[in-house]
Amino acid sequence: MFTGIIEEVGRVLEISFKSGNKIFTIQSSFAPELKIGDSVAVEGCCLTVIGNKDNNFQVEATKETLNQTTLKDLKRGDFINLERAIMAGSRLGGHFVQGHIDEIGKIVKILREGRNFIFEIRVKNNQFLVEKGSVAVSGISLTVYGIKGNIFQVVIIPHTYENTTLKYKRVGSEVNIEYDILGKYAKR
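The residue numbering used here restarts from 1 in each chain and proceeds along that chain's sequence as written. The predicted nature of this model means local features are confined to residues of pLDDT at least 70 and side-chain atom pairs, given and counted, to a pLDDT of 80 or more, with totals for whole chains, interfaces and linings taken over all residues. Water and hydrogen atoms were dropped before computing side-chain values, which therefore reflect all heavy atoms in the structure.

Novice: Explain the environment of lysine 106 residue by residue, including any values.
Specialist: Going along the chain from the N terminus, every DSSP run of H or I of four or more residues is numbered as a helix, and every run of E of two or more is numbered as a strand. Relative to the assigned elements, lysine 106 resides in strand 7 (residues 103-113). Sequence-wise, lysine 106 and arginine 122 are 16 residues apart; in three dimensions their C-alpha atoms are separated by 5.2 Å. Here a residue-residue contact requires only that any non-hydrogen atoms of the pair lie within 4.5 Å. When neighbours within four sequence positions are excluded, lysine 106 is seen to be in contact with Glu120, Ile121, Arg122, Gly172, Ser173 and Glu174.

Now the structure itself:
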């Protein structure tokens, strides 16, 4: 379980393949603190640490995970949002994020409003979105600002923009979407 508060932007150092899975070697300042079996959200996807050395760690993504997320498009040198799993008793600054991606969204518009940015993202399924509700975009806990059909808006403050991969996104970029678990349970 995660909060959607990004700890750092890491970098993909290497990508290898093993029996249909991709193994990502990721540079991160918190890599020395990780243990084999720990969960780390990579662009919002919960992955298991399978190795670490110095300032990098390895995670493995299955074919199913690759097919359902933007991880399939990662290349060596790409920047990625990283968050370690929450510890019991820690503050929960964002919202409950499981790291289970519901779908891939596409950025259709980026507007500047003063110091902030408004991102408009198209999704296939808007039934779990509510204005002022939570959504995770590439692992970032955000508040839904507006909904127009299958497009929703989120306002990005300068701190979030500068300290996540959002500063590298453009119109047409794809992002991992995880809807709020409470909304999914209520709908079910």
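Now that the structure is up, let's keep going.
Novice: How would you explain the sheet that holds strand 7 if you had to name every residue and give the values?
Specialist: At least two bridges found by DSSP between two strands are what make those strands a pair. Around the barrel, 6 strands lie side by side as 7-8-11-10-9-12; this closed barrel has antiparallel pairing. Sheet twist, expressed as the mean angle between neighbouring strand axes with direction ignored, is 45°. Two elements, strand 10 (residues 140-148) and strand 11 (residues 151-156), share 4 bridges in a ladder whose sense is antiparallel. Residue pairing for strand 11: glycine 146 is matched across the bridge by glutamine 153. Working convention: axes come from line fits to C-alpha atoms, limited for helices to the stretch in contact. Angles between N-to-C directions cover 0 to 180 degrees.

Novice: Could you give me a rundown of unusual backbone geometry, with the residues and numbers involved?
Specialist: Note: most residues except glycine have negative phi, and most peptide bonds are trans. In the Ramachandran plot, glutamate 43 falls in the positive-phi region, its phi being about 55° despite a non-glycine side chain. By the element assignment, glutamate 43 lies in the loop between strand 3 (39-42) and strand 4 (45-53). Of note in this structure, aspartate 54 is not a glycine but carries a positive phi near 55°.

Novice: I'd like to hear about the pattern of salt bridges, residue by residue, with values.
Specialist: The term salt bridge refers to a side-chain nitrogen of Lys or Arg lying within 4 Å of a carboxyl oxygen of Asp or Glu. In total, this model carries 4 salt bridges according to the counting rule given. For arginine 84, the salt bridge goes to glutamate 33, with nearest N and O atoms at 2.7 Å. Remark: glutamate 33 occurs in the loop between strand 2 (21-27) and strand 3 and arginine 84 occurs in strand 6 (residues 79-84); sequence separation between them is 51 residues. Each residue is assigned to one of three classes by its accessible area relative to the maximum for its type, calculated with a 1.4 Å probe on protein chains only: buried under 20%, partly exposed between the two thresholds, exposed over 50%. Classification of arginine 84 by relative accessible area gives partly exposed; the value is 25%. A salt bridge links glutamate 43 to lysine 169; its shortest N-O distance comes to 3.9 Å. Here glutamate 43, found in the loop between strand 3 and strand 4, pairs with lysine 169, found in the loop between helix 2 (158-162) and strand 12 (174-179); they are 126 residues apart in sequence, far enough to count as distant. Overall, glutamate 43 belongs to the buried group, its relative accessible area being 2%.

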